[in-house]
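What follows is each chain in one-letter form.
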Amino acid sequence: MPGAPFPGNQLKEYFRQTGEVWLFTVRFFREAIRRPFEWRELLHQCYTIGNKSLFLVGMTGFIMGLVLTLQTRPTMEEFGAVAYMPSMVGISIIREIGPVITALICAGKIGSSIGAELGSMKVTEQIAAMEVSGTNPFKFLVVTRILAATLMVPLLVIMSDTISLFGSFLVEHFKGEVSFRLFFNQIFRNLTFGDLIPATVKTFFFGFAIGLVGCFKGYYSREGTAGVGRAANSAVVIASMLLFVIDFIAVLVADIFYDL
Amino acid sequence: MEPLIEIKDLYKSFGENRVLNGFKLGLYEGENLVIVGKSGSGKSVLLKCIVRLLEADSGTLKVLGQPIPGLDQYTLDQIRTEVGFLFQGSALYDSMTVRENLEFPLRRHPEKINSQGVETMVLNTLRSVGLAHTIDLMPEELSGGMQRRIALARTLILQPRIILYDEPTSGLDPITSKEIIELMLKVQKEYQASALIITHDMDCARVISNRMIILFDGQNHAEGTYSELSRSSDPVVQAFFK
């Protein structure tokens, strides 16, 4: 077919991109430990990433808790296991649903915004302007954003989990007359470090992946404004896919250490 | 006299497309050198090679006596603080106020902060481009001409010895263009910097240049003062003066 890309070229492009991502990651670690540190920009990015996602993540978490409890309750009632509702909901939210759903929301919100911002800075030559003023744009723009995403996503997940459990409590309270104390006692009695630690540790990797992909796509965006759109879009798609891969690896590793 | 910028036999290609084909120039202290060429003739590529935003394929490229290709990052950054670059689209940081735009390079090069302190330096530089009142505005609140002036102020704040202008009047109306040209002359005197100006605005070239080079097919096609070149019978040169 005329004009169709040769599969060999696609494969070559795939390996080229993989190599570029690898070099980008290595450069991130190298620059992150080298002075001077951009503390002010890091704090600014933490505030931007955390604060701007707060409402969306909180809202999603609340609805997630409500829906999960509302949908599970009839089945649990049918089996006479309604007393296990708090622990069942608690474990599923803290271990899996909370981190993954929140990270996916963050991939959409944070990943796309980083990709679009850096992409537009690239095409309007703002990154080049930083470079010619003798400043390291990678350190100022990329390192701070990746670190901020790595630090903020776990906090957003913890907040989302908490709000989600509160949503779940509301359903249990109105449908099963369960008190606040009983509900949370039940949850914490059945939670172990094996539930908490891997679930929290993997969120750092989620944040890192979201920041890294967003920055990579934005920093190397090409072809004008259309390229900026593509950078934002592919940042979300690739980061979302990566989250599931990381989640799968995290479950495998946690299984080895905690014998889940 | 040693040139501030010395270029000999510079070559740069993008794939099969050879953009610079053995170009050469020397920029001397206190000089305003204008390079004229049609669109796509490699003028902007040349400027980007000088500050190593692009790597030249081969040739000699020295800035302030230092060979730019192969220079380590630290020395390159030090040289970059001596070479101001005014981008065609201004390239102001759109998430920062005018004040932050000017403070940005200064805070990263504290050795450039003089006894007046950052705040006074920012204000004085803004005054020299006539826009001190815009200090707390965002770039999006400024007109195209004002953005160009602020970009020039950001270039000047590090007190460079050389200023590279990439199409300083492009996209501006004739009146604003004239104001920018006058401003360039004013700051040139005030800061005593040499300038390398890329343009196809012949009014700009006439007013500001001490010397001109016509860049054609990636090579030096003709060289001389504005009046010398305007009298040339070469059809390529004449095409720029019509």
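Notes on the structure follow. (Residues numbered from 1 in each chain as written. Chains lettered and ligands numbered in written order. Predicted model: local features only at pLDDT ≥ 70, side-chain atom pairs only at ≥ 80, totals over all residues. Heavy atoms only, no water.)

Focus on the pairing of strand 6 (residues 83-86) of chain B
All names here are of chain B.
1) Next: Burial along strand 6 is two-sided: Val-83 and Phe-85 and Gly-84 and Leu-86, pointing in opposite directions, are all buried.
2) Next: Here strand 6 runs beside strand 7 (residues 162-166); their pairing, made up of 4 bridges, is parallel. The partner of Val-83 across the bridge, within strand 7, is Ile-162. (Buried < 20%, exposed > 50% of the residue type's maximum accessible area, 1.4 Å probe, protein only. Helix = DSSP H or I, 4+ residues; strand = E, 2+ residues; numbered from the N terminus. Pairing = 2+ DSSP bridges.)

Describing the packing of aromatic side chains
1) Next: Overall, the coordinates contain 23 aromatic pairs over all chains when judged by the stated rule.
2) Next: Residues Phe-180 of chain A and Phe-184 of chain A carry aromatic rings whose centres are separated by 4.7 Å and whose planes lie at 45 degrees to one another, so their mutual orientation is tilted. One end of the pair, Phe-180 of chain A, and the other, Phe-184 of chain A, are both in helix 6 (residues 180-190), 4 residues apart, so they sit about a helical turn from each other.
3) Next: A relative accessible area of 46% places Phe-180 of chain A in the partly exposed class.
4) Next: Between Phe-85 of chain B and Phe-87 of chain B, the aromatic rings sit 4.3 Å apart at their centres with planes inclined by 25 degrees, giving stacked as the arrangement.
5) Next: According to the relative accessible area criterion, Phe-85 of chain B is buried, its value standing at 6%.
6) Next: When its relative accessible area of 1% is taken as the criterion, Phe-87 of chain B is described as buried.
7) Next: Between Arg-108 of chain B and the ring centre of Phe-104 of chain B, over which it is positioned, the NZ or CZ distance is 4.0 Å.
8) Next: The aromatic ring of Tyr-93 of chain B is capped on one face by Arg-154 of chain B, whose charged end is 4.4 Å from the ring centroid. (Phe/Tyr/Trp six-rings, centres within 6.5 Å; stacked < 30°, edge-to-face > 60°. Lys NZ or Arg CZ within 6 Å of the ring centre and 35° of its normal.)

Some words on the pattern of salt bridges
1) Next: A complete count under the given rule lists 28 salt bridges over all chains for this structure.
2) Next: Ionic pairing is found between Glu-82 of chain B and Lys-112 of chain B, a salt bridge with its closest N-O pair at 3.1 Å. Here the residue Glu-82 of chain B occupies a position in the loop between helix 2 (73-80) and strand 6, and Lys-112 of chain B occupies one in the loop between helix 3 (98-108) and helix 4 (118-128), the gap between them amounting to 30 residues.
3) Next: Here Glu-82 of chain B falls in the partly exposed class, since its relative accessible area comes to 21%.
4) Next: One network of salt bridges, with partners in common, ties together Glu-13, Arg-16 and Glu-20 of chain A. (Salt bridge = Lys/Arg side-chain N within 4 Å of Asp/Glu carboxyl O.)

Quick notes on the nonpolar core
1) Next: By size, the foremost hydrophobic cluster in this structure holds 81 residues, and its most contacted members are Ile-5, Phe-23, Leu-25, Ile-50, Leu-164 and Leu-196 of chain B.
2) Next: For this core, the element with the highest residue contribution is helix 5 (residues 137-176) of chain A, accounting for 12 residues.
3) Next: If you look at the next biggest cluster of nonpolar residues, it comprises 45 residues, including Leu-86, Val-122, Leu-156 and Leu-158 of chain B. (Core = buried A, V, L, I, M, F, W, Y, C linked by side-chain atoms within 4.5 Å.)

Some details on the sheet that holds strand 2 (residues 17-27) of chain B
All names here are of chain B.
1) Next: Spatially, 2-1-4-5 is the arrangement adopted by the 4 strands of the open sheet, whose pairing is antiparallel. Since the sheet does not close on itself, it has two edges, and those belong to strand 2 and strand 5 (66-67), each with one partner.
2) Next: Pairing of strand 4 (residues 58-63) with strand 5, which is carried by 2 bridges, proceeds in the antiparallel orientation. Across the sheet, Lys-62 pairs through a bridge with Pro-67, a residue of strand 5.
3) Next: The strands that helix 1 (residues 43-50) touches are strand 1 (5-14), strand 2 and strand 4; relative to strand 1, the one it contacts most, it runs at about 120 degrees. (Contact = heavy atoms within 4.5 Å. Axes fitted to C-alpha atoms, helices over the stretch in contact; angles between N-to-C directions.)

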